[in-house]
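Breakdown of the fold
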Amino acid sequence: MLSIVVLISGGGSNLRALLDATSDDDYPARIVAVGSDTDADGLAHAEAFGVPSFTVVPTSFASRADWGDELLQQVQQWSPDLVVCAGFMRILPPRFVEALSPQLINTHPALLPLFPGAHAVRDALAAGARETGVTVHIVDEGVDTGPTLVQRVVPVLPGDTEHVLQERIKTVERDLLVQTVRNIATGTIDLDTIHHSNRSTTTP
Ligand code: GRF
């Protein structure tokens, strides 16, 4: 059984989808804790499922590195096999990434490397993209630059607003995240192998 810590910043619908999935005895993963950088609405989902949560607010620390160290300590307390960033809206400091990657993944609402960053849906619309989508990837030191595990395409439809497109993406995203975590748990996706093969193709 794969143990997971999920990190969130917002409403936590992706977290909720994972929590729902883990209620099925046949699902091969369990969420042991949920962390946040803020008093996120989504923490209510953790509470509803009796899953412990913690909040580490950056403004309580002298530096981003100190914040990251505390966040890391809180995460490691649960000895998770995997850490899932599901709408966690902060860039993770290098020491945090080094300690956990490649067992550290993120879901991003665009087809990376297109539209990285915090406004992926808005940026895709502004660029006039006819399609966008979801990427689940390993987190590395960059912003949405780590090796891709899986992607799914979502069409951009005439008249789409940012909200409408975002909701269409999130419906696909929740399903993809649940499936990807399952595939990691069963070994169908091997994070170490993907991480190492990516290193060997990008290192001179
Ligand atoms: C997701 O689309 C995620 O990819 C993006 O923010 C959204 C979070 O949604 N970074 P939720 O909090 O899981 O509902």
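Report on the accompanying structure. These numbers come from a predicted model, not from an experiment.

Here threonine 132 is to be found in strand E6 (residues 131-138). Contacts of threonine 132, omitting those with residues within four sequence positions, involve Pro109, Ala110, Leu111, Ala124, Arg152, Val153, Val154, Val156, Leu165 and Ile169.

Closest axis-to-axis distance for the helix H1 (residues 13-22)/helix H6 (residues 162-186) pair is 9 Å, and the angle between their directions is 45°. Taken together, H1 and H6 sit at an angle that is classed as oblique. Our pair here, H1 against H6, has a crossing hand that is right-handed. The residues of H6 that touch H1, namely those facing Ser13, Asn14, Ala17, Leu18 and Ala21, are Lys170, Glu173, Arg174, Leu177, Val178 and Val181.

All residues in the neighbourhood of the ligand are listed as Gly10, Gly11, Gly12, Ser13, Asn14, Gly87, Met89, Thr107, His108, Pro109, Lys170 and Glu173. Within the backbone of glycine 11, a nitrogen or oxygen atom sits 3.4 Å from an oxygen atom of the ligand. Residue glycine 12 places a main-chain N or O atom 2.8 Å away from an oxygen atom belonging to the ligand. Protein chains shield 88% of the accessible area of the ligand, which is 360 Å² for the free molecule. Contributing elements (two or more residues each) for the shell around the ligand: H1, strand E5 (104-108) and H6. Class assignment for the residues of the shell around the ligand results in two nonpolar, eight polar and two charged.

Bringing the pairing of strand E4 (residues 82-85) into the picture now. Side chains Leu82 and Val84 project from E4 onto one buried face, and the interleaved Val83 and Cys85 project onto a second face that is buried too. Examined bridge by bridge, strand E1 (residues 2-8) and E4 share four bridges and lie parallel to one another. Opposite valine 5, over in E4, you have valine 83 as the bridge partner. Two elements, E4 and E5, share three bridges in a ladder whose sense is parallel. Looking at the pairing, valine 84 lines up with isoleucine 105 of E5. Traced from E4 through helix H4 (residues 94-100) to E5, the parallel crossover comes out right-handed.

About the criteria used
Residues numbered from 1 in each chain as written. Predicted model: local features only at pLDDT ≥ 70, side-chain atom pairs only at ≥ 80, totals over all residues. Heavy atoms only, no water. Helix = DSSP H or I, 4+ residues; strand = E, 2+ residues; numbered from the N terminus. Contact = heavy atoms within 4.5 Å. Axes fitted to C-alpha atoms, helices over the stretch in contact; angles between N-to-C directions. Parallel < 35°, antiparallel > 145°, perpendicular 65-115°, else oblique. Left-handed = near helix turned anticlockwise from the far one by under 90°. Near = heavy atom within 4 Å. Polar contact = N/O pair within 3.5 Å; in protein donor to acceptor, adjacent residues only side chain to side chain. Areas by Shrake-Rupley, 256 points an atom, 1.4 Å probe, with all protein chains shown as cover. Nonpolar A, V, L, I, M, F, W, Y, C, P; charged D, E, K, R; others polar. Buried < 20%, exposed > 50% of the residue type's maximum accessible area, 1.4 Å probe, protein only. Pairing = 2+ DSSP bridges. Right-handed = clockwise from strand over helix to strand, strands pointing away.

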